[in-house]
Each structure stands twice: as C-alpha cells, then as structure tokens.
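Each chain is listed here by its residues.
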Amino acid sequence: MKKMFKWLIVLGLFGFGGWWFFLDKEETVESVAYKTTPVITGQVFSTIRATGTIEPEDLIDIGAQITGQIMAFGVDTEGKEVDYCSEVRKGQLLARIDDVTYKAEVTIATANLNSANARLDSANANVLQLRAKLHQAERDWTRATALGVGDALSQKEYDAYQSAYESALAAVDVGKASVAEAQASIAQAQAQLEKAQRNLSYCEIMSTVDGIVIDRRVNIGQTVTASMNTPSLFLVAKDLKRIEIWVPVNEADIGEIHEGQEVVFTVDAFPNKDFTGTVRRIRLNAAMSSNVVTYTVEVATENPEGVLLPYLTANVEFILGRSAPDALLVPPAALRWQPEDWTPPAALEGKPVVFVQTPNGIEGVPVEIQLVGDNMTAVTSPQLKEGDSIITGVMTPIETAQAKAKGKNPFVSAPSFGQKNKQVGRRR
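Please read these numbers as outputs of a predicted model, since none were measured by experiment. (Residues numbered from 1 in each chain as written. Predicted model: local features only at pLDDT ≥ 70, side-chain atom pairs only at ≥ 80, totals over all residues. Heavy atoms only, no water.)

Focus on helix α3 (residues 155-201)
Okay, so step 1: Here α3 is 47 residues long and its end C-alpha atoms lie 69 Å apart, about the 69 Å a rise of 1.5 Å per residue gives.
Okay, so step 2: Every buried residue belonging to α3 is among Y158, A168, V172, G175, V179, A182, S185, I186, A189, L193, A196 and N199, and all of these are buried.
Okay, so step 3: Where α3 is buried, its residues contact α2 (100-147). (Helix = DSSP H or I, 4+ residues; strand = E, 2+ residues; numbered from the N terminus. Expected span 1.5 Å × (residues − 1). Buried < 20%, exposed > 50% of the residue type's maximum accessible area, 1.4 Å probe, protein only. Contact = heavy atoms within 4.5 Å.)

Comments concerning the sheet that holds strand β7 (residues 204-206)
Okay, so step 1: What the 4 strands build is an open sheet, ordered β7-β6-β4-β9; its pairing is antiparallel. Two strands close off the open sheet at either side, each with one partner strand: β7 and β9 (223-224).
Okay, so step 2: By the bridge criterion, 3 bridges tie strand β6 (residues 93-97) to β7 in an arrangement that is antiparallel. By the bridge assignment, A95 is partnered in β7 with I205. (Pairing = 2+ DSSP bridges.)

Focus on the packing of aromatic side chains
The relative placement of two aromatic rings is captured by the distance of their centres and the angle of their planes.
Okay, so step 1: Counted by the stated rule, this structure contains 6 aromatic pairs.
Okay, so step 2: Ring centres 5.1 Å apart and planes at 55° place the aromatic pair W141 and Y158 in the tilted group. Of this pair, W141 sits in helix α2 while Y158 sits in helix α3, placing them 17 residues apart in sequence. Like Y158, W141 is buried.
Okay, so step 3: Ring plane angle 20° and centroid distance 5.4 Å describe the contact between F265 and F275, whose orientation is recorded as stacked. One end of the pair, F265, is in strand β12 (residues 262-267); the other, F275, is in strand β13 (residues 270-282), and 10 residues separate them in sequence.
Okay, so step 4: Overall, the relative accessible area of 0% leaves F265 in the buried class.
Okay, so step 5: What links up through ring pairs into an aromatic cluster is the set Y34, W337, W342 and F355. (Phe/Tyr/Trp six-rings, centres within 6.5 Å; stacked < 30°, edge-to-face > 60°.)

A few points about the sheet that holds strand β8 (residues 211-216)
Okay, so step 1: The 4 strands are arranged β3-β10-β8-β5 in an open sheet whose pairing can be described as antiparallel. The sheet terminates laterally at β3 (59-63) and β5 (87-88), the two strands that pair on one side only.
Okay, so step 2: Alignment of β8 against strand β10 (residues 232-237), held across 4 bridges, turns out to be antiparallel. Note on β10: the bridge partner recorded for V213 is V236.

Some remarks on the packing of α2 against α3
Okay, so step 1: Contact geometry of α2 with α3 gives a least axis separation of 7 Å together with a crossing angle of 165°. Judged by the angle between their axes, α2 and α3 are roughly antiparallel. Note on packing geometry: the crossing formed by α2 with α3 is left-handed.
Okay, so step 2: Considering only residue class, the contact of α2 with α3 consists of 28 nonpolar, 14 polar and 8 charged. (Axes fitted to C-alpha atoms, helices over the stretch in contact; angles between N-to-C directions. Parallel < 35°, antiparallel > 145°, perpendicular 65-115°, else oblique. Left-handed = near helix turned anticlockwise from the far one by under 90°. Nonpolar A, V, L, I, M, F, W, Y, C, P; charged D, E, K, R; others polar.)

So, the pattern of salt bridges
Okay, so step 1: For the structure shown, the criterion picks out 17 salt bridges.
Okay, so step 2: With a shortest N-O distance of 2.9 Å, E317 and R49 are connected by a salt bridge. Here R49 lies in strand β2 (residues 40-56) and E317 lies in strand β16 (residues 313-322), a separation of 268 residues in the sequence.
Okay, so step 3: Classification of R49 by relative accessible area gives partly exposed; the value is 26%.
Okay, so step 4: Where K385 meets D388, a salt bridge forms, and the shortest distance between an N and an O atom there is 3.0 Å. (Salt bridge = Lys/Arg side-chain N within 4 Å of Asp/Glu carboxyl O.)

Brief notes about unusual backbone geometry
Okay, so step 1: Here C85, not a glycine, exhibits a phi torsion of approximately 70°, which is positive.
Okay, so step 2: Within the secondary structure layout, C85 lies in the loop between β4 (68-73) and β5.
Okay, so step 3: In this structure, S290 takes a positive phi of about 55° despite not being glycine.

A closer look at the pairing of strand β17 (residues 327-330)
Okay, so step 1: Of the two faces of β17, the one lined by A327 and L329 and the one lined by L328 and V330 are each fully buried.
Okay, so step 2: Of the strand pairs in this sheet, β2 and β17 are connected by 3 bridges, and their pairing is antiparallel. Across the sheet, the residue bridging to I40 is L329, located in β17.

Structural notes on the side chain of T266
Okay, so step 1: In this fold, T266 is placed in strand β12.
Okay, so step 2: For T266, a relative accessible area of 18% puts it in the buried group.
Okay, so step 3: Contacts of T266, omitting those with residues within four sequence positions, involve P271, K273, D274, F275, T313, A314 and N315.

Printed below as a string of structure tokens:
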C-alpha cells in the first residue's frame, strides 16, 4: 500500500511539471508583449527654436557734452530724485553739472561782445570825422583847381591842397575798414557768447524723451570727462509697453524666417506663460562665432502689463507650420516600428504605416503625415481614430517580468490621461 502511494506521488509530480513546462513554453512562444499607446487628438507645431534677449524698443543713451562734477540729480514725475526705474518726461532735468566755470565763460564772452560793440561805435564816429575832413579837403581842392597856379596860388600851395584831398579820401577808406573789422569782432564775440551759453546749458542734463530710467551710471560728486567719446550718464527706455527680442538664428535656419512670421516665446521668470510676437526684420550684419554664422532677428511684441523686463532671456519658437486643432497624433516610434517578418502588400509599399492589435493579429494601417512635431506627428487615416491602441515596440523580457511583478497585464497598454488637445512643437 505504501509503495503504491509513493508511485502515485511521483506520477503526480511528473504530470504537474510537464503541464507547467508546456504551459510556460506555450506562453513564451506564442505570446509577445508589445509596447502600445493610444492615438490622441490635438495640435502640433513645426518650429525653429532659438534663444534671444529682450530689449527695449527705443533705448536712449543720454550723455554729457562737457566736463565737470555731478552736483545734483533732478526729480522724476513723482517728485523723487532721479534713480533707477524713475519715470521721466521729455525736457525734465536728470542731473546738474558744476557750472561755475561755464558761467564765468559766459561773463567773459559777454564782456568781449560789449567791447566789440564799443569798438564799432568808435569806428563809426571816426568815419564821421574823416568824412568831415574829406569834405573840407574836397572844397579846398575845388577852389585850388579853379584858381590854378598863378599869382594868387603858388605851385606849392596847389600841391598841398591836392595832397590833403587825396589823404582825406584815403583816410575815409581806412575808417570804413575799421568799421568792418569792428563788425567782424562783434560777430566773433557773439559766436563765443553763444558757445559759452550753450556749454552752460549743457550743465543741465535733460531727458530727450518720455520714458523710464533703465540705468543710472553716475553718482553725485563724480566727475565726468567729455573728450573724444561722450560719457554715458543715463539709459532711458522710451516705452516698455513695446519691446523687442533680439534672436541670433543659425544660417541654416534663416531661410525659413520672414517678416511678419508668428513667434511664441517664454521667459524663465514666467515658465508657464506663453507670449506672442512677430518677426519685424532680419539684420544683415551677420556674426561669426566658432565658424558658425548667425543673423540677428528682431521680434516685436507687446508688453501691456509690464511683466517682461529688459534683458530677460527669451526661449523663442518661430512658427513654421501648424496642424489642424483636432489632428490625430501618434508618436514617431509608432511610424518607425514594424514586425520583423512583416512584408508590406503592394498597396502599402512606400507608405507610412502604424500597427494595431486585432483579434486576428497585428494589422498595418496606412496613414498620411500631415505635420512632424518634436514628440508627436499629426497624421490622417480613415482607418484610425482617437483612442486606438497602436504599437510602438516590443517589450524586453525584463520589462515583461517587471510588468508581471507589478500585477499588470503586459499585453494591455495603460490608459493615458491628460493628453487630449495637446500642443507639441518640433525642435530644430
């Protein structure tokens, strides 16, 4: 009895082991775990990405045209001393330079002008005297000419009257020349006075535009020196409600950029907010760095809320194209994968194909590519709809084992949430 019981146990163990062996072998041979993902709908973009810098649209560099010490700053529209971020108006005082020397120059130039006017008055009076002498000499010479040389008028007296007349005539011309010289001196003195007055006016540094002070580059007590280069004192942005982005674009991509092109960009300060703009122009003065040629593209954008600050780094996307808002989106891996032993029929030869699992096995579905994005590709196909599960690859044994260990069915794709109406760009 005990012997029979032992044989029953042995036969049972052999039967169970064989059943397990064949079951595992059948599953290994006939079952393959595929990586799948559902088809989603949304919009995909074709873009060129680059990094640029936000710049004020109109930036005025206000400098000093004279040399001197900064004595004081003006006040802004709020009555506060002009400083960084001060709002100023055109013609408003920004700073005052020590004007003692320049006032003295105005005084000297004024005195020189008065002296020149006095010389002109003296020259005019002298001309009047010389004209009177000329008239007297002319009358004497007229009488001498009428009498002629004779008993009443000797030759010596005759010659003396003639000489006196000619001398008086020449003296009047000399007097007129003195008047002209005095007039020239007045013009010169007037020019010197205007120059001194202009230099004195330069002691008051005025804003040339309405705007906001971006940078104040001097302090009270600092001496500015105007020589060959005008020293910069203030940077004033004319209007921060309108700004630009200066974007260096590689020469390989510049052919796809054009004026009026739509642009989307973000800044690190507001990573979850998209801003828009348009291409204003492409500068022709290319730059070369490490044998790479780039062109600066100016992008114009509005800044009504004033949140975009000058010199922020902008992550820019130039929009080259966009798909329909509700296009079918598939990952690029689905378009690349195909079964190893799959031979396309003549109708699908050379066409993009994605593969879906059906009760009858794997089936190839032809698609037409509408637009290629960075992470997704927009396609059209009458045989494909949102939610269809498409194959992107085959799971490795380790991935299959991990899926089993987690209690998941490796042959069923996990649902994807939050993917509908997703917008995806394409990195260039």
